[in-house]
Amino acid sequence: MNRDTVTILGLTALWTLVVAAAGALVLWTFRRRSLRITMIVVAVAPMVAALAAVLQSVRAMFISAHDSLVVLWTLAFSALLGLAMSVVLAHWISTGSRDVGRRLRHLGTSYAPAAASTATVPAELAALTDELESTRVKLAASHAREKALEESRRELVAFLSHDLRTPLAGLRAVSEGLEDGVVDDVLGALRQMRTTVDRMTGLVDDLFELSRLAAAPPPRRRTAVSLRELAEDVAGETCEHARAEGVSLTVSTPPDDDRLAVHGDADELTRAVTNLVDNAIRHTEPGGAVRLSVDREADGRVRLAVTDGCGGIPDQDLARVFDVGWRGDAQRTPSNGGGGLGLAIARGVVESHHGKIAVAGVPGGCTFEIDLPAG
């Protein structure tokens, strides 16, 4: 390496360091400003260093005037190209950053879909935008569930307040009558009070069971449960209720019992099915029929269905049938049933067994279906 080459290398290194120091100073000065300025400085600094090194070489007569002119024009156009490309890239990144910032500002405060960005952004910012949109969708779903739960809680408090106020008022009236001695049939009054207390006790038991299911406790000991035997047992226990209401109750099950077994808690499943059957009997007109059937689906799951003659449920109410505290009876007359917790408890039991429960309209009534995995 001769002396001229060493000199050229030294001058180039010197001017590169000078321009690098100046560029670092500019970057530090504008460190809190727009990213666009930073990218332009980064793109222009190498070109300025090259131009300075070429001009110094010309002054030192290492390059002829003609050659230096060619090099300078080449570097100038290269600098313009780098500047233009840095401006475009800075615009893409700035636009994407503003879009990400806008989405972050609205995250958790607004659940409406954000306006889609039409600008071209780098893949990393596009992926970040997609993640933010996915997070917004999840937060919106969580917010909707929270609102639904809060509305359900308010309805439950209102419904139960009504359901408890009426029997309590009746107990107060009967007790005052007994105190004042204006009740002639004392035994009848006592029977009425006991019936009212039993109904309130059942309501409290339903609330306790519903809270236990909602708390998701550790699963009880579960064994193989035959839905065929369970359906027949429930029919036997509710046949007197059906006879008193003037409703016929039938059970339809295939003879192959082994294929109708599920893995679960027999007591919980019995309560869920009993709630469905009692609800069907209560809402079926005298002379109507309630049918309880068990069958195996093609995918191996076991299906239990309760079909009633209630006359049908309006389509707008089908989605609310299993809501806590909801009843189709707008008057919520106590004699028409409990506090509207039976179907909610049935849903909780079925879901705790990794099953599904649904209701569908049929001619003249409804069918409640329980779908459980085979044991």
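Coordinates for the structure precede this section.
Since the structure is predicted, the reported quantities are computational estimates derived from the model, not experimental observations.

**Student:** Report on the sheet that holds strand β2 (residues 248–252), specifying residues and quantitative values.
**Tutor:** Spatially, the 5 strands line up as an open sheet ordered β2-β4-β5-β7-β6, and their pairing is mixed. Here the strands that pair on one side only, and so sit at the sheet edges, are β2 and β6 (356–362). If you compare each strand with its neighbour and ignore which way they point, the axes differ by 15° on average. Helix α6 (residues 227–244) rests against β2, β4 (289–296), β5 (302–307) and β7 (365–372) of the sheet, and its axis sits at about 175° to β2. Along the sheet, helix α7 (residues 266–283) makes contact with β2, β4, β5, β6 and β7, crossing β7 at roughly 170°.

**Student:** Describe the environment of Ser252, listing the residues and the values that go with them.
**Tutor:** Examined against the element boundaries, Ser252 turns out to sit in strand β2. Along the sequence, Ser252 and Arg228 sit 24 residues apart, while their C-alpha atoms lie 8.8 Å from each other. Among the polar contacts made by the side chain of Ser252, one reaches the side chain of Arg291 at a distance of 3.4 Å.

**Student:** Give a detailed account of the nonpolar core, specifying residues and quantitative values.
**Tutor:** Counting 43 residues, the largest nonpolar core has Val273, Leu276, Val306, Phe368 and Ile370 as the members making the most contacts within it. Ranked by residues supplied to this core, first place goes to α7 with 7 residues. Here Phe368 is in contact with Leu276, Asn279, Leu304, Ala305, Val306, Asp308, Val321, Phe322, Leu343, Ala358 and Val359, once residues within four sequence places are set aside. Ranked by size, the runner-up nonpolar core spans 6 residues in total, among them Met39, Ile93, Val100 and Leu132.

**Student:** Give me the lowdown on helix α5 (residues 186–214), citing residues and values where you can.
**Tutor:** The first and last C-alpha atoms of α5 sit 42 Å apart over 29 residues, in line with the 42 Å expected at 1.5 Å per residue. Along α5, the residues classified as buried are Gly188, Ala189, Thr196, Met200, Leu203, Asp206, Glu209, Leu210, Arg212 and Leu213. In this structure, the buried side of α5 is in contact with α4 (123–180), α7 and α9 (342–352). At the N-terminal boundary of α5, the capping side chain belongs to Asp185, with an oxygen 3.0 Å from the backbone nitrogen of Gly188.

**Student:** Lay out the packing of aromatic side chains with the relevant residues and their values.
**Tutor:** This model, assessed by the stated rule, comprises 1 aromatic pair. Ring plane angle 85° and centroid distance 6.0 Å describe the contact between Phe322 and Phe368, whose orientation is recorded as edge-to-face. Of the two residues, Phe322 is situated in the loop between α8 (315–318) and α9 and Phe368 in strand β7; the sequence distance between them amounts to 46 residues. Comparing Phe322 with Phe368 shows no difference in burial state: the two are buried.

Analysis parameters
- Residues numbered from 1 in each chain as written.
- Predicted model: local features only at pLDDT ≥ 70, side-chain atom pairs only at ≥ 80, totals over all residues.
- Heavy atoms only, no water.
- Pairing = 2+ DSSP bridges.
- Helix = DSSP H or I, 4+ residues; strand = E, 2+ residues; numbered from the N terminus.
- Axes fitted to C-alpha atoms, helices over the stretch in contact; angles between N-to-C directions.
- Contact = heavy atoms within 4.5 Å.
- Polar contact = N/O pair within 3.5 Å; in protein donor to acceptor, adjacent residues only side chain to side chain.
- Core = buried A, V, L, I, M, F, W, Y, C linked by side-chain atoms within 4.5 Å.
- Buried < 20%, exposed > 50% of the residue type's maximum accessible area, 1.4 Å probe, protein only.
- Expected span 1.5 Å × (residues − 1).
- Phe/Tyr/Trp six-rings, centres within 6.5 Å; stacked < 30°, edge-to-face > 60°.

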